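# Understanding the architecture of this molecule
Residue-level listing of the chains:
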Amino acid sequence: MAEAQELPSTAAPAARRSHLPPLLRACRPKQWLKNVLVFAAPAAAGVLGQRADLVEASIAFVAFCLAASGTYLLNDASDVESDRAHPTKRFRPIAAGEVSVSTARGVGVALLLAAFGVGFLTGWRLPIVVLTYLVLTTTYSLWGKRVPVLDLGMVAAGFVLRTVAGAVAVDVPISVWFFIVASFGSLFVVAGKRHSEMVELGEDSARVRSTLGAYSPSFLAYEIGRAHV
């Protein structure tokens, strides 16, 4: 883990650009947009026009927003030192000292439990998907993010689980082709993000994210191209 660095004087002005409370910003509400993937399978099945199915898909959306924010808080609390060495992540509320590590962990656990509980509103299958997502993200935070290639697959799997969540909440089948498209589309997004991060960080990329030291730009470009095909 990277050593803590003194935050530059620009950290405070950058943190004040948003009018949201620090704890809410730490939950990354902008990232909730990813959870619209829960509507993909119901939309493909043509059932979102039915009120009951729309409500159940919306419940899955809320459950994944809670789960995602909980994991963001726990992950940022765990990575607080390395985030302070990152050119942009150092402005996150926890890394900037606006939210304490203990508060982040406590709220993070509460959100994870809430996500699991909300899932039961649609039956027993959605909680299983949510629990699988929580196990995946926890494993990623504790170990997987340091293992090259596996880290790409685990992050991509998180996107795929969102599509599965929508399907089980509304009780519609997922076709093989839908699953393949979701999987390769997720890998495309993740590999593209890692490639962009490597370019942005340059020589510091391996210090900020250890797995980037194991990748070459050509490898990530290959993965992007393979997922796109």
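### As for the packing of helix H7 (residues 125-142) against helix H8 (residues 150-170)
Close contact between H7 and H8 brings their axes to 9 Å; oriented N to C, the two are set at 170 degrees. On the basis of the axis angle, H7 is roughly antiparallel to H8. Along the contact surface, H7 presents Arg-125, Leu-126, Val-129, Thr-132, Tyr-133, Leu-136, Thr-139 and Tyr-140, while H8 presents Asp-151, Met-154, Val-155, Ala-157, Gly-158, Leu-161, Arg-162, Val-164, Ala-165, Val-168 and Ala-169. When grouped by side-chain class, the residues that make up the contact of H7 with H8 number 13 nonpolar, 3 polar and 3 charged.

### A look at the environment of Leu-66
Of note, Leu-66 is situated in helix H4 (residues 51-78). The class for Leu-66 is partly exposed, based on a relative accessible area of 21%. Each C-alpha atom of the pair Leu-66 and Val-118 lies 9.1 Å from the other, and the pair is 52 residues apart in sequence. Excluding its chain neighbours within four sequence positions, the residues that come into contact with Leu-66 are Leu-111, Ala-114, Ala-115 and Val-118.

### Digging into the pattern of salt bridges
Per the counting criterion, the structure on display carries 6 salt bridges. Residue Asp-76 pairs with Arg-92 through a salt bridge whose shortest N-O separation is 3.3 Å. Taken together, the positions of Asp-76 in helix H4 and Arg-92 in the loop between helix H5 (80-83) and helix H6 (101-119) put the pair 16 residues apart, joining distant regions of the chain. Here Asp-76 falls in the buried class, since its relative accessible area comes to 3%. Each of Arg-28, Asp-76, Asp-83 and Arg-92 takes part in a single network of salt bridges with overlapping partners.

### Points about the packing of H4 against H8
Remark: H4 packs on H8, axes separated minimally by 8 Å, with the N-to-C direction vectors making an angle of 145 degrees. Crossing angle aside, the handedness with which H4 passes H8 is right-handed. On H8, the residues that touch Asp-53, Glu-56, Ala-57, Ala-60, Phe-64 and Ala-68 of H4 are Leu-161, Arg-162, Ala-165, Ala-169 and Val-170.

### Things to note about the confidence of the model for the protein chain
Per-residue confidence for the protein chain gives a mean pLDDT of 82; residues scoring 70 or more make up 78%. Across residues 1-16, where pLDDT falls below 50, the model places 23 contacts with residues more than four positions away in sequence or in other chains.

### Remarks on the nonpolar core
Ranked by internal contacts, the top residues of the largest apolar core, which has 23 residues, are Phe-64, Leu-126, Val-129, Val-130 and Tyr-133. Mapped onto this core, the elements with two or more residues apiece are H4, H6, H7 and H8. Once you skip the residues sitting within four places of it in the chain, Val-129 turns out to touch Phe-64, Leu-161, Val-164, Ala-165 and Val-168. Among the nonpolar cores identified, the runner-up in size contains 9 residues, and Leu-73, Val-80, Ile-94 and Leu-111 belong to it.

### Things to note about the side chain of Thr-71
The residue Thr-71 is located in helix H4 in this model. For Thr-71, a relative accessible area of 10% puts it in the buried group. What Thr-71 contacts, discounting residues up to four positions off in sequence, is Leu-112, Tyr-133, Leu-134 and Thr-137.

### Looking at the packing of aromatic side chains
For the structure on display, the rule yields 3 aromatic pairs. Ring geometry for Phe-39 and Phe-61: centres 6.0 Å apart, planes at 35 degrees, overall tilted. You can see Phe-39 sitting in the loop between helix H2 (22-26) and helix H3 (40-45) and its partner Phe-61 sitting in helix H4, a full 22 residues away along the chain. When its relative accessible area of 23% is taken as the criterion, Phe-61 is described as partly exposed. Note on Phe-64 and Tyr-133: the rings are 5.0 Å apart at their centroids and 55 degrees apart in plane angle, and the pair reads as tilted. Placement of Phe-64 in helix H4 and of Tyr-133 in helix H7 is noted, with a sequence separation of 69 residues between them.

Rules used in this analysis
Within every chain, residues take consecutive numbers counted from 1 along the sequence as written. Whole-chain, interface and lining totals are the exception, using all residues; otherwise, since this is a predicted model, local features are given only for residues with pLDDT of at least 70 and side-chain atom pairs are given and counted only at 80 or more. No hydrogens and no water enter the side-chain calculation; it runs on all heavy atoms of the structure. All axes here are fitted lines through C-alpha atoms, helices being fitted over the stretch that makes contact, and every angle between N-to-C directions spans 0 to 180 degrees. Runs of H or I in DSSP of at least four residues are treated as helices and runs of E of at least two as strands, each being numbered from the N terminus. Comment on the angle field: the value is read as roughly parallel under 35 degrees, roughly antiparallel over 145, roughly perpendicular from 65 to 115, and oblique elsewhere. Contacts: residue pairs with any heavy atoms within 4.5 Å of one another. All residues other than Ala, Val, Leu, Ile, Met, Phe, Trp, Tyr, Cys, Pro, Asp, Glu, Lys and Arg, Gly among them, are scored as polar; the first ten of these are nonpolar and the last four charged. Partly exposed residues are those whose accessible area sits between 20% and 50% of the maximum for their type, while under 20% is buried and over 50% is exposed, using a 1.4 Å probe and protein chains only. Whenever Lys or Arg places a side-chain nitrogen within 4 Å of a carboxyl oxygen from Asp or Glu, that contact is recorded as a salt bridge. Crossing handedness is read from the near helix: turned anticlockwise from the far helix by less than a right angle, it gives a left-handed crossing, and turned clockwise, a right-handed one. Here pLDDT means the predictor's own confidence in every residue, given as a number from 0 to 100. The set of buried Ala, Val, Leu, Ile, Met, Phe, Trp, Tyr and Cys residues whose side-chain atoms join them within 4.5 Å is what this entry labels a nonpolar core. Classification of ring pairs uses Phe, Tyr and Trp, with its six-membered ring standing for Trp, and accepts pairs whose centres are within 6.5 Å; under 30 degrees between planes counts as stacked, over 60 as edge-to-face, and the remaining range as tilted.

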